[in-house]
Amino acid sequence: MSPREQPRRPTFLGPRAMDSLEAPGDAAGREAAAHATARLLVEGAQSSGDAEVAARLVGLADEHGLELLAQLWADAAPESLPGALWRLYVLRQWVHAAPSEASRQFDEGRRRAPVLEAVAGVADPPGPDEVRTQVDAVLAGVATGDFAGTLERAAAFARVVAVGRADLADDEARGDETAEGALTTSASRLVRTAEHLEACAGRWRSGSLL
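About the criteria used
Residues numbered from 1 in each chain as written. Predicted model: local features only at pLDDT ≥ 70, side-chain atom pairs only at ≥ 80, totals over all residues. Heavy atoms only, no water. Axes fitted to C-alpha atoms, helices over the stretch in contact; angles between N-to-C directions. Helix = DSSP H or I, 4+ residues; strand = E, 2+ residues; numbered from the N terminus. Parallel < 35°, antiparallel > 145°, perpendicular 65-115°, else oblique. Left-handed = near helix turned anticlockwise from the far one by under 90°. Contact = heavy atoms within 4.5 Å. Nonpolar A, V, L, I, M, F, W, Y, C, P; charged D, E, K, R; others polar. Buried < 20%, exposed > 50% of the residue type's maximum accessible area, 1.4 Å probe, protein only. Arc of directions from axis to C-beta. Polar contact = N/O pair within 3.5 Å; in protein donor to acceptor, adjacent residues only side chain to side chain.

Draft legend 1. The packing of helix H4 (residues 66-73) against helix H5 (residues 81-97), seen in detail. Here H4 crosses H5 at 155 degrees, and the two axes come no closer than 10 Å. By the criterion of interaxial angle, the relationship of H4 to H5 is roughly antiparallel. Once H4 is placed against H5, the crossing between them reads as left-handed. Between H4, through Leu66, Leu69, Ala70 and Trp73, and H5, the contact on the second element is made entirely by Pro82, Leu85, Trp86, Tyr89 and Gln93. Across the contact of H4 with H5, the residue classes tally to eight nonpolar, one polar and no charged.

Printed below as a string of structure tokens:
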């Protein structure tokens, strides 16, 4: 089903809107599909008031695969609604795939960024279970909370992890300069992700996040 064929108010507004959607092959079609699915997802989840919908939204990548979300959203502009959703899901998938690494980097970073730690809201001490729980809670906020606040919490989490990753680069690389450089570069990219999420939060509040 192409984006043009999508009804403006489908019967089920929420994560099930993903079930029958695939990104078309042409660039214009992919962009339209990215924005259509992102809008359906957010509007549907927020209007449902259903805990089951919120839970399914959190597990969307688990259910459909991150590859499908990448096909839909990965090429979207970073400061757009599909771009914001893509970054939220990638962040969650990384934390779930490497919870010990995520908690170690967050724990290191929070020592230098206590204000951001408070915004991120991870329980103390921030162990693997705590960081997994928190990224799920952040993503659930797409459905149950203020979307701009959700993006800001995710951005704060990313910034704290980036600080910790950069600080731990030398120890984790174990003298391998190439590995250390890769970790430092990935920390910088994570900061950039946080900047995009923060910009999206501002655009959402102004009504210009499309």
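Draft legend 2. Seen up close, helix H2 (residues 51-58). Of the residues making up H2, those classed as buried are Val53, Ala54, Leu57 and Val58. The buried side chains of H2 occupy one side of the element, clustering within an arc of 140 degrees when seen end-on. Away from the buried face of H2 by more than 90 degrees, exposed residues Ala51 and Glu52 are located. Its side-chain oxygen 2.7 Å from the backbone nitrogen of Glu52, Asp50 forms the N-cap of H2.

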